[in-house]
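Listed here are the chains, written in short residue letters.
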Number of protein chains: 2
Amino acid sequence: MNAASPPAVQRIDVALPGERAYPILLGDGLLGAVDVLAPHIGRRVLVVSNPAVAGLYLDALRPSLGNAQVDCVEIGDGEQFKTLETYAAILDALIEKRHHRTTTVVALGGGVVGDVAGFAAATYQRGVGLVQIPTTLLAQVDSSVGGKTAVNHSAGKNMIGAFHQPRAVLADVATLKTLPLREYRAGLAEVVKYGVIADVEFFAWLETHMDELVAKDAKALLHAVQRSCQIKAAVVAEDEREQGRRAILNFGHTFGHAIEALTGFRYLHGEAVAVGMAMAMDLSVRLGRANDRDAARVRRLLDAAGLPLDADVEPQAMLTAMAMDKKALDDQLRLVVCDALGRVCVTAQAPRAAVHAAIEGCRTRHTPRASGNSAA
Amino acid sequence: MNAASPPAVQRIDVALPGERAYPILLGDGLLGAVDVLAPHIGRRVLVVSNPAVAGLYLDALRPSLGNAQVDCVEIGDGEQFKTLETYAAILDALIEKRHHRTTTVVALGGGVVGDVAGFAAATYQRGVGLVQIPTTLLAQVDSSVGGKTAVNHSAGKNMIGAFHQPRAVLADVATLKTLPLREYRAGLAEVVKYGVIADVEFFAWLETHMDELVAKDAKALLHAVQRSCQIKAAVVAEDEREQGRRAILNFGHTFGHAIEALTGFRYLHGEAVAVGMAMAMDLSVRLGRANDRDAARVRRLLDAAGLPLDADVEPQAMLTAMAMDKKALDDQLRLVVCDALGRVCVTAQAPRAAVHAAIEGCRTRHTPRASGNSAA
């Protein structure tokens, strides 16, 4: 009998001080690998997942958990379950199964599972261990790394939460094979973002490999996830609690969050961020920072990823929603703008008229109806 | 016109790293003092209080808040309101009034207000500023200092929460004048605790000044609160997140929490802790650590403070409740025991039989009824 050779593990370190440092463990087929997770979990584990992901991957995961005693709780699938109620249900499960301070919460799923399970881990008995096992592209390159945990409030996304770094992140790109294509493409928006904010060479690599990525080619995917995680890890290590530079990760997000809110979450997060990045590039050009060519390249790359570039949103309503964004400081709207591909900065100086025009510039054009009033 | 001279302010520093360091500002009549709080609050404030305390002190507080825009939310008065529901109501108030990341939550009240408002501050937009203004003795010497925030779960006290250090603590002993005597005496239990765990001279001072303290003599009170806060600040600075030495602050508390749970919170926290300390001293003597004389001195001092020394609790039920205590690590019961007045340590080695006997030793003796079965 030939035992299958163990999958290769790439390790990316998130270099935070002391005990908060942790590795991102990345590979193709890592999920059930023995001994990869063992150093990062305790003797008891609560796996938080949703029915779809648990059905696909919970059994495969078990060998990774070694001899730990494993309980499991499933939460609803979708952004509408990222609530204080779901959070309370996870806490109930921890308490009902008598989990102690030494337990490890394992979040197996996408961003919703990771964010709400992470918030439960952050606050159960004032903080227990957390391992993130992201199974969507968005979660692998973004939400599982960096310690942000949160639930939504009816008035806004991620309004309630905590910083709580995981003990480890295990990203297995093999799990992306079952991810619906629309959700997968939405994750590519964040990958494109890393090129825009920090690495023009990576951006150029994406321009030449987007077809392979859209086809979920494993080699291209491993490189894209690795480079995205490296960039995120470096930014997080520099500014763990988003008091400065970390804000650049929100490129396109202030617009994107407002689009999500105004359209009742008909856009996936990554789709809204794609439109938001188109708006942010438009704004950057209007402010005399980025040039037209950079903006066109971003639009072209997002389009190649199958992502939307416009949304049917009214600029005034957008501005109102954006003013309530968490990143607003004392009513001062702060936006990430692009100076050149690979270089962005945060500004509180963007004139309202320019922001308005940038939104208008990426507003879905409806074909005028014959009976419509076409006069301005 | 003679302006009243400003009240004297004693400052005790909680020496935590970087931005987490903060002062405890202590005095008699400090509440409305101008410029004492100003450096520690932002331009917007949400005061969290309860109807009784707000009625007494909210107007008096206003001058301290300077030019800040002040909103206020009142929560129910009592331990039964220390819940996720109350927490959610505070978050709703923050969101409804459109508070941003730069807001300051001001907790004006006792331990319940401080713990639940603190948890809301810890998690609103992943953490906003917090100022504690404790108006009970218990909160002034214990719960307002050290960054522990929490709500209860039906299965146990403080099961959900976060570490979130305040920007400042303002302790005005003048507010204790309106505190009901029973609640005031309960706070003295924690004061006695500091003598037992860390300072035999302070313990001896308490023995000679307990009558003045019970009479709320301002000078004695200032000294007692000051010394208690100094001891707590030193322990917290050494071990912010209770990974070691900070556990000594729980002397008597594992017993006390079980008493509270088993008696449906008929005991105030400090009363339950008083009985718990009597049990912990009894256990310490049984383990050959403390001597009889030390145990007797603790009992006598608690009695002089008007605190109970026994409770009508069944030892087996106590042991079960104690096993679920947050401080239990992987089902190992960890208890703080006393080696001599002023010196304690944590042990996981106390034999179950000795703990059982210590509980039995402080169990309320009912007079046997004529019809009862008096055979063992």
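What counts, and at which threshold
- Residues numbered from 1 in each chain as written.
- Chains lettered and ligands numbered in written order.
- Predicted model: local features only at pLDDT ≥ 70, side-chain atom pairs only at ≥ 80, totals over all residues.
- Heavy atoms only, no water.
- Axes fitted to C-alpha atoms, helices over the stretch in contact; angles between N-to-C directions.
- Helix = DSSP H or I, 4+ residues; strand = E, 2+ residues; numbered from the N terminus.
- Parallel < 35°, antiparallel > 145°, perpendicular 65-115°, else oblique.
- Left-handed = near helix turned anticlockwise from the far one by under 90°.
- Contact = heavy atoms within 4.5 Å.
- Nonpolar A, V, L, I, M, F, W, Y, C, P; charged D, E, K, R; others polar.
- Pairing = 2+ DSSP bridges.
- Buried < 20%, exposed > 50% of the residue type's maximum accessible area, 1.4 Å probe, protein only.
- Arc of directions from axis to C-beta.
- Phe/Tyr/Trp six-rings, centres within 6.5 Å; stacked < 30°, edge-to-face > 60°.
- Disulfide = S-S within 2.5 Å.
- Polar contact = N/O pair within 3.5 Å; in protein donor to acceptor, adjacent residues only side chain to side chain.
- Least-squares fit on C-alpha atoms with pLDDT ≥ 70 in both.
- Buried area = accessible area lost by both parts, 1.4 Å probe.
- Salt bridge = Lys/Arg side-chain N within 4 Å of Asp/Glu carboxyl O.
- Domains from an automatic or database assignment.

Here the focus is the packing of helix α6 (residues 200–214) of chain B against helix α10 (residues 292–304) of chain B. All names here are of chain B. α10 packs onto α6 with a crossing angle of 15 degrees between their chain directions and a minimal axis gap of 9 Å. Classified by the angle their axes make, α6 and α10 are roughly parallel. Read as a crossing pair, α6 and α10 show a hand that is left-handed. Between α6 and α10, the contacting residues are Phe203, Ala204, Leu206, Glu207, Met210 and Val214 on the first element and Arg297, Val298, Leu301 and Ala304 on the second. The residue makeup of the contact of α6 with α10, split by class, is eight nonpolar, no polar and two charged.

Next up on the list: the sheet that holds strand β6 (residues 129–134) of chain B. Whether parallel or antiparallel, the strands of a sheet pair through hydrogen bonds between backbone atoms. Residues and elements named next belong to chain B. Strand order in the open sheet formed by seven strands is β1-β2-β9-β6-β5-β3-β4, with mixed pairing between adjacent strands. Only two strands of the sheet have a single partner each, and these edge strands are β1 (10–14) and β4 (69–74). Each strand axis lies, on average, 20 degrees off the axis of its neighbour in the sheet, ignoring direction. Direction of pairing for strand β3 (residues 44–49) relative to strand β5 (residues 104–109): parallel, over a ladder of four bridges. Bridge assignment links Val45 to a residue of β5, and that residue is Thr104. Here helix α1 (residues 51–61) sits on the sheet and contacts β3, β4, β5 and β6; the angle it forms with β5, its principal contact strand, is near 120 degrees.

Let us now look at the environment of Ala317 of chain B. Structurally, Ala317 of chain B can be placed in helix α11 (residues 315–323). Ala317 of chain B sits 59 residues away from Ala258 of chain B along the chain, and the two C-alpha atoms are 8.6 Å apart.

Turning to helix α12 (residues 352–361) of chain B, a few remarks are in order. All names here are of chain B. By the burial criterion, the buried members of α12 are Ala354, Val355, Ala358 and Ile359. The arc enclosing the buried residues of α12, seen along the axis, measures out at 135 degrees, which places them on a common side. More than 90 degrees from the buried face of α12, the exposed residues found are Arg352 and Ala353. Close packing links the buried residues of α12 with α8 (253–262), α9 (269–286), α11 and β10 (335–340).

So, on to the packing of aromatic side chains. Residues and elements named next belong to chain A. One pass over the full model with this rule turns up four aromatic pairs over all chains. The interplanar angle of 15 degrees and the centroid separation of 6.0 Å between the aromatic rings of Phe202 and Trp205 together place this pair among those described as stacked. Here Phe202 and its partner Trp205 are both found in helix α6 (residues 200–214), three residues apart, which amounts to about one turn of the helix. Its relative accessible area of 3% is what places Phe202 among the buried residues.

This part covers the state of the cysteines. Simply put, the disulfide is a covalent bond whose two ends are the sulfur atoms of two cysteines. All names here are of chain A. What the rule picks out here adds up to zero disulfides over all chains. Here Cys338 is not disulfide-linked; the sulfur of Cys345 is the nearest cysteine sulfur, at 8.9 Å. Note on Cys338: relative accessible area 0%, which makes it buried.

Residue and element names in this part refer to chain A. Here His164 shows up in the loop between β8 (156–163) and β9 (168–172). In this structure, the C-alpha to C-alpha distance between His164 and Phe119, residues 45 residues apart in sequence, is 7.6 Å. Within the structure, the side chain of His164 is placed 2.8 Å from the backbone oxygen of Val128, a separation counted as a polar contact.

Right, let's talk about the relation of the copies chain A and chain B for a bit. Rotating chain A by 180 degrees and moving it 0.0 Å along the rotation axis overlays it on chain B with an RMSD of 0.0 Å. The superposition operator between the copies reduces to a two-fold rotation axis. Looking at chain A, 100% of its interface residues are interface residues in chain B too, so the copies touch through the same face.

Facing the 42 residues of chain A at the interface are 42 residues of chain B. Summed over both partners, the interface of chain A with chain B buries about 3,800 Å², with 53% contributed by carbon and sulfur atoms. Our count for the contact surface shared by chain A and chain B stands at one salt bridge. With a shortest N-O distance of 4.0 Å, Arg101 of chain B and Glu242 of chain A are connected by a salt bridge.

Residue and element names in this part refer to chain A. Here chain A is described as being made up of domain 1 (10–178) and domain 2 (181–361). A separation of 25 Å is found between the C-alpha centroids of domain 1 and domain 2. Every contact between the two is made by 29 residues of domain 1 and, on the other side, 34 residues of domain 2. When domain 1 packs against domain 2, close to 2,800 Å² is buried across both sides, 67% of that on carbon and sulfur atoms. The three residues of domain 1 that bury the most area against domain 2 are Leu137, Val141 and Lys157, which together make up 22% of that side's buried surface. Inspection of the region where domain 1 meets domain 2 yields four salt bridges.

Residues and elements named next belong to chain A. Strand order in the open sheet formed by seven strands is β1-β2-β9-β6-β5-β3-β4, and the pairing between neighbours is mixed. With partners counted over all chains shown, the strands left at the sheet margins are β1 (10–14) and β4 (69–74), one partner each. Within the sheet, the average angular offset between the axes of one strand and its neighbour, ignoring direction, is 20 degrees. Both strand β2 (residues 22–27) and β9 contribute to a ladder of four bridges, which runs parallel. When the bridges of β9 are listed, Leu25 appears paired with Leu170. Together, β3 (44–49), β4, β5 (104–109) and β6 (129–134) form the strand contacts of helix α1 (residues 51–61), whose direction differs from that of β5 by roughly 120 degrees. Its contacts with the sheet put helix α7 (residues 218–238) on β1 and β2, and the angle it makes with β1 is roughly 15 degrees.

Time to look at the pattern of salt bridges. Residue and element names in this part refer to chain B. What the rule picks out here adds up to 35 salt bridges over all chains. Across the salt bridge formed by Glu207 and Arg297, the nearest N and O atoms sit 2.7 Å from each other. You can see Glu207 sitting in helix α6 and its partner Arg297 sitting in helix α10, a full 90 residues away along the chain. Taking the relative accessible area as the measure of exposure, Glu207 reaches 33% and is therefore partly exposed. Residue Arg297 is classed as buried on the basis of its relative accessible area of 13%. Between Glu238 and Arg245 there is a salt bridge; the shortest N-O distance is 3.5 Å.

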